[in-house]
Amino acid sequence: MDPYSAVFNEYLDPLYLEDDYEVPQFDVQYTQPQINYYTFKPAKTPSPIKPNENKENEVNITETETQPQTLQLQQIPDLDFLDDSFTAQISELPNCDFEKFLSNISEENLNSMAEQNAKFHSRFVTNDENERATFIEQRENSNTIRKMNSAVKTFQQYLINVKAEFREIHTMQPHELDQYLQEFFVGIRKEVKVKNNNDIQEIEREYQPGSLDGFQSMINKHLKMKEYPLDIMRDDQFKKSRDCLTPKKKHLKQLGLGNHPNAAEALESEDEEELYRSGGFGTDDPDSLLSTIWYMNTIHFGLRGSHEHRQLKWGDLKLETDRNENQCLTYNERLTKTRDGSNTKNTRAYAPKSWSNPRG
């Protein structure tokens, strides 16, 4: 008796269970759809074989349907995921011979996969937190670090000598630090040594307005490096210190400061000729040759100061020829003060060139 008949008989009213009463029998057939267990789509039904076809080309449909299916090796990019759970899942799938799949994996294919993994991992360099911190510190401008340390040292000396405050500034509360900054910006002076009658005297003078901005930005940079939660140049908790700094700069401007007294003066053509005549520029000795190269690099390639000259490497200057057969030196710029690489759009519109002959 099939299960449906048993259920029907169990709930049938006993009054109807007579000998002449026929219980209907249910014939239930189960049809299992053919599923491709790797794409989870219905499998294609084989087309019927025509009677007039050659028997040699006959295909046993029953054997084809029941033949165990194996996974193709090229469809699996890596074998790291073949753990025990995966093996159990694959082994439970019908029409899948997992042991045969593993036997099809050759040593050559495994070596190929290992080479691909090694090539992938060679593109990346592992690093820890200390290495990343060192990497960031080494990319900081040495002059900026020196200025920051000098500004923080001056502010710390003021706190120790004037306010008897020995705490580190990044450990102070915002209202305390803002109060100290107000007094510091208004009262700071610099000591200048002046020679008078063979005696060296130290006198106090005002800073340039730009120097006060430098103190503020360098102290703020130091606080950021110490992970201070606020910004003294933007946050409202330090508004009073900024309000003290602005009128102080206006006061210094009234005193005639802030006009860049140490700015370099441009050389005129007469000055260049005089340097060549006097031997300051030329090729007669190493000193004049180096001075000439330094000056030419500054004029034609825009190199400033001394740091950009010292960081020149072999290959940064290339001898090229343009379409008019004129020779020129092309400069490949590295790190500069205003183009440090942090803004990828801030680049030169064209590479600087120095021509052998003026173009007419």
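Residues numbered from 1 in each chain as written. Predicted model: local features only at pLDDT ≥ 70, side-chain atom pairs only at ≥ 80, totals over all residues. Heavy atoms only, no water.

Naming follows an unreviewed UniProt entry, where the protein chain appears as ZMYM2-like/QRICH1 C-terminal domain-containing protein of Mytilus edulis.

**Q** Explain the packing of aromatic side chains residue by residue, including any values.
**A** What characterises a pair of aromatic rings is the spacing of the ring centres plus the angle enclosed by the ring planes. For the structure on display, the rule yields nine aromatic pairs. Ring geometry for Tyr 207 and Phe 215: centres 5.2 Å apart, planes at 85°, overall edge-to-face. Classification of Phe 215 by relative accessible area gives buried; the value is 8%. For the ring pair Tyr 276 and Phe 281, a centre distance of 5.5 Å and an interplane angle of 70° mean the geometry is edge-to-face. (Phe/Tyr/Trp six-rings, centres within 6.5 Å; stacked < 30°, edge-to-face > 60°. Buried < 20%, exposed > 50% of the residue type's maximum accessible area, 1.4 Å probe, protein only.)

**Q** Before we move on, can you summarise the sheet that holds strand 6 (residues 327–331) with the specific residues and values?
**A** Strand pairing in a sheet is mediated by backbone hydrogen bonds. Such pairs are either parallel or antiparallel. Read from one edge of the open sheet, three strands run 5-6-7, paired in antiparallel fashion. Sheet topology places strand 5 (317–321) and strand 7 (353–355) at the edges, where each strand pairs with a single neighbour. Within this sheet the neighbouring strands show an average axis-to-axis angle of 25°, counted without direction. Sheet topology places strand 6 next to strand 7; three bridges connect them, and they run antiparallel. Bridge pairing links Cys 328 to Trp 355 in strand 7. Against the sheet, helix 12 (residues 286–301) engages strand 5, strand 6 and strand 7, with an angle of about 115° to strand 7. (Pairing = 2+ DSSP bridges. Helix = DSSP H or I, 4+ residues; strand = E, 2+ residues; numbered from the N terminus. Axes fitted to C-alpha atoms, helices over the stretch in contact; angles between N-to-C directions. Contact = heavy atoms within 4.5 Å.)

**Q** Explain the pattern of salt bridges to me, using residue names and the numbers behind them.
**A** The full count for this structure, using the stated rule, is 14 salt bridges. Across the pair Glu 183 and Lys 163 runs a salt bridge, and its minimum N-O distance is 3.1 Å. With a gap of 20 residues between them, Glu 183 in helix 8 (residues 174–187) and Lys 163 in the loop between helix 7 (142–161) and helix 8 connect regions that are remote in the sequence. Judged by its relative accessible area of 30%, Glu 183 falls in the partly exposed class. Glu 165 is the salt-bridge partner of Arg 167, the closest N and O atoms lying 2.8 Å from each other. A relative accessible area of 33% means that Arg 167 is categorised as partly exposed. (Salt bridge = Lys/Arg side-chain N within 4 Å of Asp/Glu carboxyl O.)

**Q** Explain the packing of helix 8 against helix 9 (residues 209–225) residue by residue, including any values.
**A** Helix 9 packs onto helix 8 with a crossing angle of 155° between their chain directions and a minimal axis gap of 11 Å. Between helix 8 and helix 9, the interaxial angle falls into the category roughly antiparallel. Here the hand of the crossing between helix 8 and helix 9 comes out right-handed. Residues Leu 177, Leu 181, Phe 184 and Phe 185 of helix 8 form the contact with helix 9, whose own contacting residues are Leu 212, Phe 215, Gln 216, Ile 219 and Leu 223. Residues that form the contact of helix 8 with helix 9 fall into these classes: eight nonpolar, one polar and no charged. (Parallel < 35°, antiparallel > 145°, perpendicular 65-115°, else oblique. Left-handed = near helix turned anticlockwise from the far one by under 90°. Nonpolar A, V, L, I, M, F, W, Y, C, P; charged D, E, K, R; others polar.)

**Q** Hey, could you go over the side chain of Thr 330 for me, with residue numbers and the actual values?
**A** Within the secondary structure, Thr 330 is located in strand 6. For Thr 330, the side chain forms a polar contact with the side chain of Lys 353, separated by 3.1 Å. With residues near it in sequence (within four places) discarded, Thr 330 still touches Asp 316, Leu 317, Lys 318, Glu 320, Ala 351, Pro 352 and Lys 353. (Polar contact = N/O pair within 3.5 Å; in protein donor to acceptor, adjacent residues only side chain to side chain.)

**Q** Quick one: what's the story with the packing of helix 7 against helix 9, residue by residue and with numbers?
**A** The interhelical angle for the contact between helix 7 and helix 9, taken along N-to-C directions, is 95°, at an axis separation of 8 Å. As summarised for this structure, helix 7 and helix 9 are arranged roughly perpendicular, according to the angle between their axes. Residue-level inspection shows Thr 144, Lys 147, Met 148, Ala 151, Val 152, Thr 154 and Phe 155 of helix 7 in contact with helix 9, the latter providing Phe 215, Met 218, Ile 219, Lys 221, His 222 and Met 225. Here the residues of the contact of helix 7 with helix 9 are counted per class, giving eight nonpolar, three polar and two charged.

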